[in-house]
Amino acid sequence: MAERLPPYLDGCEDVLTSLDDAHVLTIRINRPKARNALRTQLLKELSEVLGKATHDDAVRAVVLTGGDKVFAAGADITEMADKTPVDVMNDPRAAYWLAIRNFPKPMIGAVNGFCLGGGNELAMHCDVLIAGTSAQFGQPEINLGIIPGAGGTQRLTQMIGKSKAMKLVLSGQFMSANEAERAGLVGEVCEPELTIEKATALAKLIASKPPVAARLAKESVLKASDAMLHEGMAFERRSFTTLFATEDKQEGVSAFMEKRKPTFKGR
Ligand code: DAK
């Protein structure tokens, strides 16, 4: 368990970290009261941990996990309330996402419970996902009057195909762990209490392989799809930013915070 070993990087509050003697770094997202919502500080800490791990030969593979009931519920919606398109353009979060995206070593995601919005986008930055049967995957941003902003429209479509991706992105509905496995989002489904164990075993196996080959294998597999990502990601980012000028985004975010149903007007 991540908490029983000394932290890999001191000073982190939102992520718990530990490095074992098999060269596996475990990172646990830890904001249970806010359903592990990815506030800016959390993304910053995560990018700093991965930054340190990039240059540390003692780290050969990473396990990224959350809690029993939630992997991560997406961006912290309270941080989005007053943001304008210019704020989004200048948002430091984009740099943190880039650091996560550029992490060169194998990263295994261990997912239980809700894996939503930016949480699902984070999971899709992992190289393999192991999911407990309790896991639910979704891109519910549409309910807030926005769209995914960290590559969700692009990676999800590449991974599960247009029709299923459209269903999730347009309806905000969730997908079960078994359906996610059938669709190709998840590598393996297991009982929830075994998720971290299985992810760690896989990470240990990978960590026993030659590190330079593992790194280049990851880079090569990502090349199969990354080349096509750039244009789509830029388009998604512009669309995401534009939506912060709409009344519907204000309404969606306010409704979430006020725990009521939103009324969208198309403005
Ligand atoms: N943000 C902030 N607080 C959240 C939260 C979130 N995403 N999700 C839950 N919470 C808070 C709730 O407000 C509540 O707070 P209190 O009332 O206790 O103060 C507490 O966590 C417990 O929530 P619930 O009572 O709702 O808990 P349940 O177990 O009943 O439901 C849930 C869990 C995860 C199904 C539900 O909380 C939920 O639907 N949450 C929202 C999920 C969502 O809409 N996610 C998408 C967020 S938008 C970007 C890149 C990416 C993104 C943005 C920008 N750039 C590169 C610029 C990503 C955007 C998103 O992810």
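Residues numbered from 1 in each chain as written. Predicted model: local features only at pLDDT ≥ 70, side-chain atom pairs only at ≥ 80, totals over all residues. Heavy atoms only, no water.

Trainee: Pulling in residues and values, what's your account of the pattern of salt bridges?
Mentor: A complete count under the given rule lists 13 salt bridges for this structure. Across the pair E179 and K164 runs a salt bridge, and its minimum N-O distance is 3.8 Å. Taken together, the residues E179 in helix α8 (residues 177–183) and K164 in helix α7 (residues 162–171) connect sequence positions 15 residues apart. One salt-bridge network, in which partners are shared between bridges, spans E79, K83, D91 and R93. (Salt bridge = Lys/Arg side-chain N within 4 Å of Asp/Glu carboxyl O. Helix = DSSP H or I, 4+ residues; strand = E, 2+ residues; numbered from the N terminus.)

Trainee: A description of the side chain of R155 should follow, citing residues and the corresponding values.
Mentor: Its place among the elements puts R155 in helix α6 (residues 152–160). D226 provides the closest opposite charge to the buried, unpaired R155, separated from it by 5.1 Å. Look past the residues within four positions of R155 in its chain and what remains in contact with it is R101, M124, H125, A150, L229 and M233. (Buried < 20%, exposed > 50% of the residue type's maximum accessible area, 1.4 Å probe, protein only. Lys, Arg positive; Asp, Glu negative; His and termini not counted. Contact = heavy atoms within 4.5 Å.)

Trainee: Can you break down the packing of α6 against α7 residue by residue, with the values?
Mentor: Contact geometry of α6 with α7 gives a least axis separation of 7 Å together with a crossing angle of 140°. The pairing of α6 with α7 is recorded here as oblique in orientation. Both α6 and α7 take part in a crossing whose hand is right-handed. Taking contact as the criterion, the partners of L156, T157 and I160 in α6 are, on α7, K162, K164, A165, L168 and V169. (Axes fitted to C-alpha atoms, helices over the stretch in contact; angles between N-to-C directions. Parallel < 35°, antiparallel > 145°, perpendicular 65-115°, else oblique. Left-handed = near helix turned anticlockwise from the far one by under 90°.)

Trainee: Before we move on, could you go through the sheet that holds strand β3 (residues 61–65) and cite the residues and values that matter?
Mentor: In spatial order, the strands read β1-β2-β3-β5-β7-β10; together these 6 strands make up an open sheet with mixed pairing. Unpaired on one side and paired on the other, β1 (15–19) and β10 (188–190) mark the two borders of the sheet. Geometrically, the sheet is characterised by an average inter-axis angle of 20° between neighbouring strands, direction not taken into account. Where strand β7 (residues 128–132) lies against β10, 3 bridges are found, and the strand directions are parallel. Across the sheet, A131 pairs through a bridge with V189, a residue of β10. (Pairing = 2+ DSSP bridges.)

Trainee: Give a detailed account of helix α9 (residues 195–207), specifying residues and quantitative values.
Mentor: Counted at 1.5 Å a residue, the expected span for α9 with its 13 residues is 18 Å, and the 18 Å between its end C-alpha atoms agrees. Of all the residues in α9, the buried ones are T195, A199, T200, A203 and A207. In a view along the axis of α9, the buried residues occupy a sector of 115°, so they form one face of it. Where α9 is buried, its residues contact β2 (24–29), β3, β5 (107–111), β7 and β10. (Expected span 1.5 Å × (residues − 1). Arc of directions from axis to C-beta.)

Coordinates in, geometry out; function isn't part of it.
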